[in-house]
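So you can see what is in the structure, the chains are spelled out below.
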Amino acid sequence: MILDTDGLKPIYIQIAEWIESEILHGNLQQDDKVYSQYKLADMYNINPATAAKGLKLLADEEIVYDKRGIGKFVSEKAQAIIVEKRKGQSLKHLLEDVVSEAKRLNMTEEEVRKALKELWKTSGEDD
Amino acid sequence: MSFVQMKASEVIGKQLVYKCKSYAGVFTSLVVIQLLGALFSLLATSGSMRSTLGYDVRVQTYTVDMVIVFTIFWGFITALLLTTRAYREDDFAFVTNRNSSNISTIAFLTLVGLISSVTAALSFYLVRVVVFLIGAEGDAVISSASVDASLLLIIFYTFGSVILFSSMGYVAGVMVQWSKLFIFILPAVVIGGLILLYQPSDGAVMNAFFSFYYREANLLFYLLKTTATAAIFYSVAVLLSNRLEVKG
Amino acid sequence: MKAIHCKELTKQYRRKAALDGVDLSIDDNKIIGLIGRNGAGKTTLLKIISGMLRESSGHVEVFSKRPFNNLFVSANSIYIDDQMNFPPSLTLKELLKEGRRFYKNWDHDLALRLFEHFGFHEKESHKNLSKGKESTFNMIVGLCSRCPLTIFDEPTTGMDAAVRKDFHRALLKDYIAHPRTILLSTHYMNEMEDLFEEVVLLDHGKLRLHTTMDDLREYAIGLSGKVSSVQPWLEGRDVLDQQESGLDDVQVAVKHDYTDGEIQRMRLDGISVTSIQPTDACMFLTKQEGGGLDHVFRSNESE
């Protein structure tokens, strides 16, 4: 991963998301030890405190659990939590774009709903 | 991270070694100035001819006083130089405080003062050898006017003077570092003082001042007087420089 | 433990206050970036902390001791800038050996390996080095001394981009292996920001901001769009910078205390929301009074 230092997304969130991807892709299995803050700092050339903040984020979301003095490990529900989270996030961003564009085009909410329904139906038929 | 404790004596010791290694210029200037002094000694001969009872006796006196005077002057200038910014900042590249920096420099000056006294005395032999080699006419008498005595005496008398004048150079240098105004004040005070001291009754005060140090017959007392005076000058310098800033 | 503690620290030169009532507390074992415009007082602050300069008033403590003339502080800290004065008669290798004699935590192996890596020669003299090489050598001394407080004042002066990158990496690796307080002033904040844990921003001798790097990244956001849609969002907010462009477009840097919901609504209003780089945030925070460079040229044109 190359860190996106220009984006709106803080680096510690990018670190957290990178570990999430590692879990999703199966590079980190359940109960595997997650990279330490120092290892992450060394890998990405960032301050260890920033890396620690990313790890804490994962711990708060129960994607990893803490074994005192040993490190952080992938939790049982990690995969499920990440999938659930990403679903919510990416869909929200897409819908935001839709609403924003619709407003610019002076569409009413009703028109957008109608367009969405049409789309839903056609894509349903494809399946 | 574990903290480091360092005693002042330890730092001063390390600084003294550091200075002996890095102030190479001090030693080269000593060699140059003493060779120059020896050369002057050879040139500044005083010859006299006497004719008694039909014999012609030509006496040529060579003296190493010039070497000693040059060495004392060198001590003054060296001490002055060591107070300048570049030399002080050398210390602050590594562990130091103002006290340790001062004390190690003073120790260094005392050490080179001793070395210079020994080499000054040894130049006595150098002059004698040269005179012998160039084949002086007649018998050569080599003497040192102020101390026509043994090698050891020359060493100690030179040492006392070098220490005294180094301390003067050092305190003058520190004063100048304190305020550049002293570049003008110090010479004015010294020259003015000399004129004033010469005024009453044909320089009696001045004579008293010099005889305090240089008419002292007892070597031990002489050394005591010079080192005590040097200690006073150095103390003033240390006190002044304790408030000096570095890299300002 | 606090590595550095300053209270109402002031340094007065004849006419001007280089530091003016700085209150600053720095935890140990962090890498801190010291940022500020030229003449903001960075060097003065660093030299007071390392005991070279004497404070005019206020308090300063380094490891709970007043640094001026303090041997403990000197033994446990090192100050590296681009005007290091080393004795000219010693070679570079000899200078490293002196470093080992004076600093008890000194890592001589690392020093020699870095010496090799950056292509120095044993017999070289410090005063004959180019500016960039000189900075590189000083950096080696600063890094290998392993002082609990390591201060770098503009350490990358003259270094080329590759060496700067190496330096950043070396600094981070050595910090990870041997955590210590590292205080570093730089004008190249965008290159070093990932290394910093906290940032101290000085402006005209005063402390303008002391915050974590993560917070600084989110300190301000940029809003751009039509004046009519951006303007309502600026009501009662701390606007750092405002540039008008085109007929009715505006770009604004504003202190970020909006909620996620508000940001979302802005986007729906057609406002583009961007992050403000820490470098730019610092620049806006220390903006000169009186309208900047354009203003200078404008008054010229009007004559």
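What counts and how
Residues numbered from 1 in each chain as written. Chains lettered and ligands numbered in written order. Predicted model: local features only at pLDDT ≥ 70, side-chain atom pairs only at ≥ 80, totals over all residues. Heavy atoms only, no water. Pairing = 2+ DSSP bridges. Helix = DSSP H or I, 4+ residues; strand = E, 2+ residues; numbered from the N terminus. Axes fitted to C-alpha atoms, helices over the stretch in contact; angles between N-to-C directions. Contact = heavy atoms within 4.5 Å. UniProt positions renumbered as here; feature names shortened; annotations may be inferred. Buried area = accessible area lost by both parts, 1.4 Å probe. Salt bridge = Lys/Arg side-chain N within 4 Å of Asp/Glu carboxyl O. Polar contact = N/O pair within 3.5 Å; in protein donor to acceptor, adjacent residues only side chain to side chain. Buried < 20%, exposed > 50% of the residue type's maximum accessible area, 1.4 Å probe, protein only. Expected span 1.5 Å × (residues − 1). Arc of directions from axis to C-beta. Phe/Tyr/Trp six-rings, centres within 6.5 Å; stacked < 30°, edge-to-face > 60°. Lys NZ or Arg CZ within 6 Å of the ring centre and 35° of its normal. Patch = residues over 30% accessible without salt bridge, like charges linked within 9 Å, V, L, I, M, F, W, Y side chains within 5 Å. Areas by Shrake-Rupley, 256 points an atom, 1.4 Å probe, with all protein chains shown as cover.

Draft legend 1. Local environment of the sheet that holds strand E10 (residues 220-226) of chain C. Residue and element names in this part refer to chain C. If you walk across this open sheet you meet the four strands as E11-E12-E10-E13, and the pairing is antiparallel. Sheet topology places strand E11 (239-245) and strand E13 (272-275) at the edges, where each strand pairs with a single neighbour. With strand direction ignored, the average angle separating the axes of adjacent strands in the sheet is 20°. Looking at chain direction, E10 and strand E12 (residues 249-255) are connected through seven bridges and run antiparallel.

Draft legend 2. Quick look at the sheet that holds strand E6 (residues 149-153) of chain C. Residues and elements named next belong to chain C. As summarised here, the arrangement of the six strands in space is E5-E6-E7-E3-E8-E9, forming an open sheet in which the pairing is mixed. Among the strands making up the open sheet, the edge pair consists of strand E5 (77-80) and strand E9 (206-212). Between one strand axis and the next, the sheet turns by 15° as a mean value, whatever way the strands run. Direction of pairing for E6 relative to strand E7 (residues 181-185): parallel, over a ladder of five bridges. Bridging across to E7, Thr 150 finds its partner in Ile 182. Strands in contact with helix H5 (residues 131-144) are E5 and E6; relative to E5, the strand with the most contacts, it is inclined by about 170°.

Draft legend 3. Quick peek at the UniProt feature "transmembrane region" (unreviewed entry) in chain B. Residues and elements named next belong to chain B. What UniProt calls "transmembrane region" (unreviewed entry) maps, in this numbering, to residues 23-44, 64-84, 105-134, 154-174, 181-199 and 219-240. Within residues 105-134, the helical portion is 100% and the strand portion 0%, while the C-alpha atoms at the span's ends are 41 Å from each other. The span residues 154-174 is 100% helix and 0% strand, and its two end C-alpha atoms sit 30 Å from each other.

Draft legend 4. Structural detail: the interface of chain C and chain B. If you look at the interface, chain C gives 40 residues, while chain B gives 37 residues. Taken together, the two surfaces of chain C and chain B that pack against each other cover about 3,500 Å², and 57% of this comes from carbon and sulfur. Linking chain C with chain B are three salt bridges. Between Glu 98 of chain C and Lys 21 of chain B there is a salt bridge whose closest N-O contact spans 2.6 Å. The tally of links between chain C and chain B comes to 14 residue pairs in polar contact (both at pLDDT 80 or more). For the side of chain C that touches chain B, the elements supplying multiple residues, two or more each, are helix H2 (71-75) and helix H3 (92-102) of chain C.

Draft legend 5. Focus on the side chain of Asp 214 of chain C. Relative to the helices and strands, Asp 214 of chain C resides in helix H8 (residues 213-217). On the accessibility criterion, Asp 214 of chain C (7% relative accessible area) is buried. A distance of 3.2 Å separates polar atoms of two side chains, one belonging to Asp 214 of chain C and the other to Arg 217 of chain C. Once residues lying within four places of it in the same chain are set aside, the contact partners of Asp 214 of chain C are Tyr 12, Thr 50 and Lys 53 of chain A.

Draft legend 6. Structural detail: helix H2 (residues 24-43) of chain B. Residues and elements named next belong to chain B. End to end, H2 covers 29 Å across 20 residues, agreeing with the expected 28 Å (1.5 Å per residue, within 8%). Of all the positions in H2, only Val 26, Leu 30, Gln 34, Gly 37, Ala 38 and Ser 41 are classed as buried. All buried residues of H2 project into a common sector of 105° when viewed along the axis, lining one side. Seen from the buried face of H2, the exposed residues on the opposite side, beyond 90 degrees, are Val 32, Leu 35 and Leu 43.

Draft legend 7. Representation of the pattern of salt bridges. Residues and elements named next belong to chain C. Tallying each qualifying case throughout the model produces 36 salt bridges over all chains. Between Arg 66 and Glu 55 there is a salt bridge, with its nearest N and O atoms 2.7 Å apart. With Arg 66 in the loop between strand E4 (57-62) and H2 and Glu 55 in the loop between helix H1 (42-49) and E4, the pair connects residues that are 11 residues apart, well separated along the chain. With relative accessibility at 11%, the residue Glu 55 sits in the buried group.

Draft legend 8. Layout of the environment of Cys 144 of chain C. All names here are of chain C. Locating Cys 144 in the fold gives a position in helix H5. Residue Cys 144 is classed as buried on the basis of its relative accessible area, which comes to 0%. Taking C-alpha positions, Cys 144 is 7.0 Å from His 108, a pair spaced 36 residues apart along the chain. Setting aside residues no more than four positions away along its own chain, Cys 144 makes contact with Asn 105, Trp 106, Asp 107, Leu 110, Ala 111 and Leu 114.

Draft legend 9. Unusual backbone geometry, seen in detail. Positioned with a positive phi, Glu 62 of chain A is a non-glycine residue whose angle comes to about 60°. Here Glu 62 of chain A is to be found in the loop between helix H3 (48-60) and strand E1 (64-67). Positive phi is not limited to glycine here, since Arg 146 of chain C has a value of about 50°. Take Arg 146 of chain C: its relative accessible area is 7%, and that puts it in the buried class.

Draft legend 10. Layout of the packing of aromatic side chains. Counted under the stated rule, the structure contains 20 aromatic pairs over all chains. Ring centres of Tyr 18 of chain B and Phe 102 of chain C lie 5.5 Å apart, and the angle between their planes is 80°; this geometry places the pair in the edge-to-face category. In this pair, Tyr 18 of chain B sits in helix H1 (residues 8-22) while Phe 102 of chain C sits in helix H3, so the two residues belong to two different chains. Each member of the pair, Tyr 18 of chain B together with Phe 102 of chain C, is buried. Among the aromatic side chains, those forming a connected cluster through ring pairs are Tyr 18 and Phe 94 of chain B together with Phe 86, Phe 102, Tyr 103, Phe 115, Phe 120 and Phe 137 of chain C. For Lys 67 of chain A, the ring lying beneath its charged end belongs to Phe 73 of chain A, and the centroid distance is 4.7 Å. In this structure, Lys 65 of chain C packs its charged tip against the face of Phe 72 of chain C, placed 4.3 Å from the ring centre.

Draft legend 11. Representation of the side chain of Ser 241 of chain B. All names here are of chain B. Position of Ser 241 relative to the elements: it lies in helix H9 (residues 219-241). Among the residues examined, Ser 241 registers a relative accessible area of 6% and is labelled buried. Polar side-chain contacts of Ser 241 include one of 2.4 Å to the side chain of Asn 102. Those residues in contact with Ser 241 that lie beyond four places of it in its chain are Arg 98, Asn 102 and Val 174.

Draft legend 12. How the structure looks around a nonpolar patch on the surface. Residues and elements named next belong to chain A. Residues Leu 91, Leu 94, Leu 95, Val 98 and Val 99 make up a contiguous nonpolar surface patch of about 440 Å² in total accessible area. Residue placement: Leu 95 occurs in helix H4 (residues 78-104). Judged by relative accessible area, Leu 95 falls into the partly exposed class, the value being 46%.

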